[in-house]
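Coordinate analysis (summary)
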Amino acid sequence: MAHVVVIGASTGGLPFAYDIKKTLGEGHQVTVISNNPNFNFIPSNPWLAVGWRTEDDISFELKPRLARKDINLIVGEATEIKPNDNQVMVGDQTVDYDYLVLATGPKLAFEEIEGLGPDGHTVSICTTAHAKIASTEWEIFCKNGGGPIAVGAVQGASCFGPAYEFACIMDTDLKKRGIRDKCPMTFITAEPYIGHLGLGGVGDSKGLLESEFRQRHIKWITNSVVTSVTADTVNVDEVNDEGKTIKSHEVPTMLTMMLPAFKGVDTVAKLADVDAGFVNPRGFVMVNDYQQSPVKENIFSVGVNIAIPPVEATPVMCGTPKTGYMIESMVTAVVHNIEDMIAGRAPSNIPTWNAVCIADMGDTGAAFVAMPQIPPRNVTWAKKGKMMHLAKIAFEKFFIRNMKTGNPEPAYQKYIFKMLGIERLKK
């Protein structure tokens, strides 16, 4: 009997736990280690931050759902990984494993910029707990009549989509409240152009998002290096194509949301002390084509915590995002690769890393398809419309329901995507 342990129970770890248990069957044990007793649907955080959702709408308790599938749950912080002993420490508790899957998500590097983060002068939508705080701040801001807003993503960020979503969702909510005219908005981003998204653009994402911002009267500053944030100012150095400062901005603000750069969580980053081949200098997990560690063959990784180089050189550092369907393809590959190894076969499943993204804009939305996510691509496509807004709402309900029922990929979903030529594994 094999014991598979996964650290993390978010949009990578929880689907993996369900899928590996279903694939391996009753003869094998699956354990989830999570520092949060609840599953939170992170893509809904922008809605939560403006009061369009409550925490109960997008969260549920993990224990009864996992117990129903005969999956063990340990609620606590994984404090140490001992790869040479095949053990994970959760406080004083030792968890032995045959296969370990790292789905920890990132560490939010707010400390890299003075004044950044909920402990500084900016709100955050990176976690559900942060978004709840942001929602309180939003209500106070609106009740006080609004004011200038700064929103975006700082240098080194690798997650740009939620910043675009939040800007447009705030715009829509302010219009509903009748105070949009009191709230000038500036989008500040490390991207070389609007719509780059850390991906070199997807289809005509540049034209699509620039047009949307013009329509919504959202100004922008690209190639931005945020030097500090105060209670009423975001200080930005704008650089040219050679990375030299051409203009310094003091952007006035009364509400600021800037996505931070990511790092590997401390427990995973400490693997560098065991062997330099486990993680890169930022603490992200190194993996081969099979999502497998190049150092220990029984350790795999999925999601935001894996190391992927930037898709291209940019004047200001832009990381590569790990999007939802891309993570799902990683999950499927790892499930079948562990299945292979238990059966005495070498791993053979390679994820496609295809990206299928739906971004909400409050009253409309956009869909982006990049196959694969990292260029050059076989397919690249972007489209905006009211239907995409409705699709994002439907996807939220669909995904949360699947996580509650323990069925991460219903058969009809698989067949629909297959008909569209979107698959999780390379042939």
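Read on for an overview of the structure. Because the structure is a prediction, the values reported are computed rather than measured.

Residues that lie three or four places apart on an α-helix share one face, since the helix turns once every 3.6 residues. Its 16 residues give helix H5 (residues 128-143) an end-to-end C-alpha distance of 23 Å, which sits within 8% of 22 Å, the value for a rise of 1.5 Å per residue. Those residues of H5 that sit buried are Thr128, His130, Ala131, Ala134, Ser135, Trp138, Phe141 and Cys142. Along the axis of H5, the buried positions cluster into a sector of 145°, meaning they face one direction only. Within two residues after H5, Gly145 carries a phi angle of roughly 95°, on the positive side.

This next bit is on the packing of aromatic side chains. Overall, the coordinates contain 10 aromatic pairs when judged by the stated rule. Between the aromatic rings of Phe213 and Trp220, the centroid separation amounts to 6.3 Å while the plane-to-plane angle is 40°, which identifies the pairing as tilted. Look at Trp220 and you get partly exposed, because its relative accessible area is 28%. Pairwise contacts between aromatic rings join Phe39, Phe41, Phe60, Phe395 and Phe399 into one cluster. Above the plane of the ring of Phe284 lies Lys322, whose end atom (NZ or CZ) is 4.7 Å from the centre. It is Lys392 that lies over the ring of Trp47; its NZ or CZ is 6.0 Å from the centre.

Moving on: the packing of H5 against helix H6 (residues 161-177). Between two packed helices, what matters for the description is the angle formed by their axes and the separation of those axes. Remark: H5 packs on H6, axes separated minimally by 12 Å, with the N-to-C direction vectors making an angle of 40°. One element, H5, and the other, H6, form an angle in the oblique class. Considering the relative orientation of H5 and H6, their crossing is right-handed. Across from Trp138, Glu139, Phe141 and Cys142 in H5, the residues of H6 making contact are Met170, Asp173, Leu174 and Arg177. Its residues assigned to classes, the contact of H5 with H6 comprises 5 nonpolar, no polar and 3 charged.

Turning our eyes to something else, we now look at the sheet that holds strand E21 (residues 365-371). Spatially, E20-E21-E22 is the arrangement adopted by the 3 strands of the open sheet, whose pairing is antiparallel. This sheet does not close on itself; its edge strands, each paired only once, are strand E20 (355-360) and strand E22 (379-385). The sheet shows a mean angle of 10° between the axes of neighbouring strands, taken without regard to direction. As judged from the 7 bridges shared by E21 and E22, these two strands associate in the antiparallel manner. Its bridge partner being in E22, Ala366 is matched across the sheet by Lys384. Its contacts with the sheet put helix H10 (residues 386-405) on E20, E21 and E22, and the angle it makes with E22 is roughly 100°.

Attention now moves to the sheet that holds strand E19 (residues 299-301). Neighbouring strands of a sheet are bound in pairs by backbone hydrogen bonds; such pairs are parallel or else antiparallel. Strand order in the open sheet formed by 5 strands is E5-E2-E1-E9-E19, and the pairing between neighbours is parallel. The sheet is open, and its two borders are formed by strand E5 (72-75) and E19, each paired with just one other strand. Pairs of neighbouring strands in the sheet enclose a mean axial angle of 20°, with direction left out of account. In this sheet, strand E2 (residues 29-34) lies alongside strand E1 (residues 3-7) in parallel orientation, the contact comprising 5 bridges. By the bridge assignment for E2, Ile7 is matched with Ile33. Strands in contact with helix H1 (residues 13-24) are E1, E2 and strand E9 (99-102); relative to E1, the strand with the most contacts, it is inclined by about 170°.

In this section: H1. Its 12 residues place the ends of H1 16 Å apart at the C-alpha level, agreeing with the 16 Å of an ideal helix rising 1.5 Å per residue. With 10 of 12 residues buried, H1 lies mostly within the body of the structure. Gly25 lies just past H1 and shows a positive phi near 85°.

Here the focus is a nonpolar patch on the surface. On the surface, a cluster of nonpolar side chains totalling about 360 Å² of accessible area is made up of Ile416, Met419 and Leu420. Looking at where Leu420 falls in the secondary structure, it is placed in the segment after helix H11 (411-419).

Moving on, we get to the pattern of salt bridges. Taken as a whole and assessed by the stated rule, the structure comprises 22 salt bridges. Of the charged contacts, one joins Arg177 and Asp173 as a salt bridge, the two residues approaching to 2.7 Å between their closest N and O atoms. With Arg177 and Asp173 both in helix H6, this residue pair falls 4 residues apart, about one helical turn. In this structure Arg177 comes out as partly exposed when scored by relative accessible area, which is 34%. Look at Asp173 and you get buried, because its relative accessible area is 6%. Look at the salt bridges and you will find they share partners, linking Asp171, Lys175, Arg180, Glu212, Arg216, Asp363 and Lys384 into a network.

Attention shifts here to the side chain of Asp173. Of note is the side chain of Asp173, whose polar atom sits 2.8 Å from the side chain of Trp138. Apart from the residues within four sequence positions on either side, Asp173 is in contact with Val50, Trp52 and Trp138.

This part covers the state of the cysteines. Using the criterion set out here, one finds 0 disulfides in the structure. Left without a disulfide partner, Cys126 is nearest to the cysteine sulfur of Cys159, which lies 7.0 Å away. Overall, Cys159 belongs to the partly exposed group, its relative accessible area being 25%.

Calculation rules
- Residues numbered from 1 in each chain as written.
- Predicted model: local features only at pLDDT ≥ 70, side-chain atom pairs only at ≥ 80, totals over all residues.
- Heavy atoms only, no water.
- Helix = DSSP H or I, 4+ residues; strand = E, 2+ residues; numbered from the N terminus.
- Expected span 1.5 Å × (residues − 1).
- Buried < 20%, exposed > 50% of the residue type's maximum accessible area, 1.4 Å probe, protein only.
- Arc of directions from axis to C-beta.
- Phe/Tyr/Trp six-rings, centres within 6.5 Å; stacked < 30°, edge-to-face > 60°.
- Lys NZ or Arg CZ within 6 Å of the ring centre and 35° of its normal.
- Axes fitted to C-alpha atoms, helices over the stretch in contact; angles between N-to-C directions.
- Parallel < 35°, antiparallel > 145°, perpendicular 65-115°, else oblique.
- Left-handed = near helix turned anticlockwise from the far one by under 90°.
- Contact = heavy atoms within 4.5 Å.
- Nonpolar A, V, L, I, M, F, W, Y, C, P; charged D, E, K, R; others polar.
- Pairing = 2+ DSSP bridges.
- Patch = residues over 30% accessible without salt bridge, like charges linked within 9 Å, V, L, I, M, F, W, Y side chains within 5 Å.
- Areas by Shrake-Rupley, 256 points an atom, 1.4 Å probe, with all protein chains shown as cover.
- Salt bridge = Lys/Arg side-chain N within 4 Å of Asp/Glu carboxyl O.
- Polar contact = N/O pair within 3.5 Å; in protein donor to acceptor, adjacent residues only side chain to side chain.
- Disulfide = S-S within 2.5 Å.

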